[in-house]
Amino acid sequence: MTLRLLKFKSGIVKDITEYAAGKNGPFYVDGNLVRFVNGYPEKIGGWQQEQYFRTTATGTTTTAQGKPKKILFWRSTSDGADRIALGTHSHLYILKADVLYDITPLRKTSSSLSNPLATTDGSTTVTVTDTSHGATTGDYVVLDSASAVGGISADTLNRIEGYEITKITDNSYSFESPDTASSTVSSGGGTLNIKYLIGNAESVGIESSDPALGWGTGAWGDSTWGTARTTATSDVSLEATQWSLQIWGDDLLANNRLGQIYYWDTSGGENQRAVLVSSLAGASGVPTQNRMLSISFPDRHLVVAGTNSLSDGVFDPMLVRFSDQEDFTNFTVTASNTAGDQRLEVGNKIVAITPTKNETFIQTDEAAYGMTFVGPPFTFSFRLLGVNCGAVAINGTISVDGTIYWIGKSNFFVYNGNIQELPCSVQHFVFDRMQLRYQDKIHVGHNKKFNEVTWFYVSTANTEGTNPEPDSYVTFNYSENVWTIGSLQRNVWSDATGFRTVPFAFDKDAKLYNHETGTSDNGSAMSCHIETSEVEIDETGSRLFMIDKIVPDTSMTSDTNLFVELKSRKYPHATEITKGPFTVTSTTRKVSTRAKGRQIAIKYSSTGTDDNWSLGDFRVNAREDSSR
């Protein structure tokens, strides 16, 4: 009998057959919620939900309205407070000391309306009359100073988060109350104000990038004259709401894609809303339609990408404009300031913009540019860095200590002075199972402690229907140059920063989780596993062996149960025989089994709430056996 060492190279490989992965590595071929540290796999850290509240940290718990799209953490120097800005597809928030504040800009306010509310006995529908309200279905309104009506209390009507409306006419709309009316009232609510949040008219409220439908959509000559396009045939997308968030000193600058630029002044307190930059004193030439924004470093110009021209106001998705230095309110070009613009040529639209140490990295759907501060008279130089390397998602690009990583149409890229395709051992696996229609929802996050860049994406396994959110991930460990995969529902992610000593993220329901915390899924079990490729017991693979013993090599806590399955085959296409699962604990010396084959593979898994493990080099006891 001979103990055979099972030693595998780090990383998961899925783009070749399992037998080939065994012959060329051997590698691991599948996994979930597992990372590699010093070449060996281990379970990732758990996560715990962090509650946040409506008014005070001891009040009623709440969640933000809308699907999270962007988060930004900063610490103000003026008051020393830590804040998170959260943009959802319908709202903009500040989270401070676990209290959520709605700072969504207002489109307009209707003041001192007299008894505009109507209720029906037994119904939750509240009808509002407001002449020329300008709102559309899906917009949000907040009632202020309304009195109880039809048995629905004033606190319910005036709730902080407001209501999503359904338009009835140009002069009326309705919303659904959480409480049922106990009487019919045709005109009530007293004298009240209604605040209209920015909505569909300002490109806010679009949950997913949907195909454009109807007559004329698509390329010339596609289909037949007068035939409306369908979801299946449309190749034109109406873009979802996305946010660009930037810190200017202690304050917040925000832009919803294809919308305007907003400013939130920290010194005014959390109960104020963001306002238009164009409304600030001295503002000049501020663009009114913008795809995204950034701040150049170290010169501090506000940069907008995909915007309208200063001269004629026409929107150009390839135009870059920048403000005067140190003045985000002034975009008017004069001989005495550094404001200006530049149109990019390669591509159809600017997709992403990322500030780095030495330049601003701008990506169209086809190319990448470097925008570098050079001073007067040109202010910035623009260099074409590469083509056929465009971005697909506004949040799919990230800078890690000056190195840029991003996801493209069918591959991954890195830029560290030169653009290169990033070799990926799971590339075909990821892109073959990705719902390309929802690539715009891809969100990239960084976990510096473990040298990981992770992209969350919508997979074909997602069955949510018309508005699915990211459910899967692919991770690149740039220190060990290896890839891992798995399932985890997260919409946005931020690395540990400031007082937040661990990474944090929001899921699709706007629940906030602190990651690398504990060993469970918020108190529930984590289903983790990693599986090896098939390896031949002898070099030629021509002889059959009987495996009768597994000798584990692990580091685990005393309350961990690690399950081990031994898989064997006589030929690569033969039926796989599985023995186990066998339970391995911190005191297990060996596992007895009987498995016959020319190739073997091992799957390691755990399903508990307290499991914490890392693997070393397992061995198996093998003796040559006959084919009978």
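These numbers come from a predicted model, not from an experiment.

Brief notes about the overall build of the chain
Counting secondary structure elements, the chain contains 3 helices and 52 strands. Projected onto its principal axes, the C-alpha coordinates of the chain cover approximately 90 × 70 × 60 Å. Across the 628 residues that make up the chain, the buried fraction comes to 54%. For the chain, restricting intrachain contacts to residue pairs at least 6 apart in sequence, the fraction spanning at least 24 positions comes to 62%. Of the roughly 26,000 Å² that the chain leaves accessible, carbon and sulfur atoms contribute 47%.

Section: the sheet that holds strand β7 (residues 82-88)
What the 4 strands build is an open sheet, ordered β6-β7-β8-β9; its pairing is antiparallel. Each of the sheet's edge strands pairs with one partner strand only, and the pair in question is β6 (68-75) and β9 (99-102). For this sheet, the mean angle separating the axes of adjacent strands, direction not counted, is 25°. Here β6 runs beside β7; their pairing, made up of 7 bridges, is antiparallel. Each bridged residue has a counterpart across the sheet, and for Trp74 the counterpart in β7 is Arg83.

Comments concerning the pattern of salt bridges
Applying the stated criterion across every chain yields a total of 28 salt bridges. Residue Arg35 is joined to Glu516 by a salt bridge in which the shortest nitrogen-to-oxygen separation is 2.7 Å. Of this pair, Arg35 sits in strand β3 (residues 34-37) while Glu516 sits in the loop between β42 (512-515) and β43 (528-532); the two residues are 481 residues apart in sequence, bridging distant segments of the chain. With a relative accessible area of 3%, Arg35 lands in the buried category. A relative accessible area of 22% means that Glu516 is categorised as partly exposed. Salt-bridge contacts for Arg300 lead to Glu326; the nearest nitrogen and oxygen are separated by 2.8 Å.

Quick look at the nonpolar core
Core analysis: the biggest nonpolar cluster contains 63 residues, and Tyr405, Phe412, Trp455, Val474 and Trp483 have the highest contact counts within it. Of the residues forming this core, the biggest block, 4 residues, is contributed by strand β37 (residues 452-457). Excluding anything up to four places from it in sequence, Tyr405 contacts Gly396, Thr397, Ile398, Val400, Phe413, Val414, Leu422, Val453, Trp455, Phe476 and Tyr478. Counting residues in each nonpolar core, the second largest holds 20 residues, with Ala146, Leu157, Ile165 and Val185 among its members.

What to know about the environment of Gly396
Among the secondary structure elements, Gly396 is positioned in the loop between β31 (379-387) and β32 (397-400). Apart from residues lying up to four places away in sequence, Gly396 is in contact with Tyr405, Trp406, Ile407, Ile442, Val444 and Trp455.

Quick notes on the pairing of β3
Pairing of β3 with strand β4 (residues 40-43), which is carried by 4 bridges, proceeds in the antiparallel orientation. In the sheet register, Arg35 faces β4, and the bridge partner there is Glu42. With antiparallel pairing between neighbouring strands as the criterion, β3 and β4 make up a hairpin whose turn holds 2 residues, including Asn38 at a positive phi of roughly 55°.

Focus on unusual backbone geometry
Look at the link from Phe297 to Pro298: it is a cis peptide, with omega at 5°. Residue position: Pro298 is located in the loop between β24 (290-295) and β25 (302-308). For the bond from Gly580 to Pro581, the omega torsion is 10°, close enough to zero to count as cis. Looking at the secondary structure, you find Pro581 in strand β48 (residues 577-584).

Side note on the sheet that holds strand β20 (residues 243-248)
With respect to topology, 4 strands assemble into an open sheet ordered β20-β21-β22-β23, the strand pairing being antiparallel. Edge strands, defined here as strands with exactly one partner in the open sheet, are β20 and β23 (275-276). In terms of strand pairing, β20 meets strand β21 (residues 251-256) through 6 bridges, oriented antiparallel. Across the sheet, Trp248 pairs through a bridge with Asp251, a residue of β21.

Some points on the confidence of the model for the chain
Of the residues in the chain, 94% have a pLDDT of 70 or more, and the chain-wide mean is 93. Taken together, the stretch residues 212-222 has pLDDT below 50 and engages in 23 contacts with residues farther than four places along the chain or on a different chain. Below pLDDT 50 for its whole length, residues 229-236 participates in 23 contacts with residues either more than four positions away or in separate chains.

So, how was this worked out
- Residues numbered from 1 in each chain as written.
- Predicted model: local features only at pLDDT ≥ 70, side-chain atom pairs only at ≥ 80, totals over all residues.
- Heavy atoms only, no water.
- Helix = DSSP H or I, 4+ residues; strand = E, 2+ residues; numbered from the N terminus.
- Buried < 20%, exposed > 50% of the residue type's maximum accessible area, 1.4 Å probe, protein only.
- Contact = heavy atoms within 4.5 Å.
- Areas by Shrake-Rupley, 256 points an atom, 1.4 Å probe, with all protein chains shown as cover.
- Pairing = 2+ DSSP bridges.
- Axes fitted to C-alpha atoms, helices over the stretch in contact; angles between N-to-C directions.
- Salt bridge = Lys/Arg side-chain N within 4 Å of Asp/Glu carboxyl O.
- Core = buried A, V, L, I, M, F, W, Y, C linked by side-chain atoms within 4.5 Å.
- pLDDT = per-residue confidence, 0-100.

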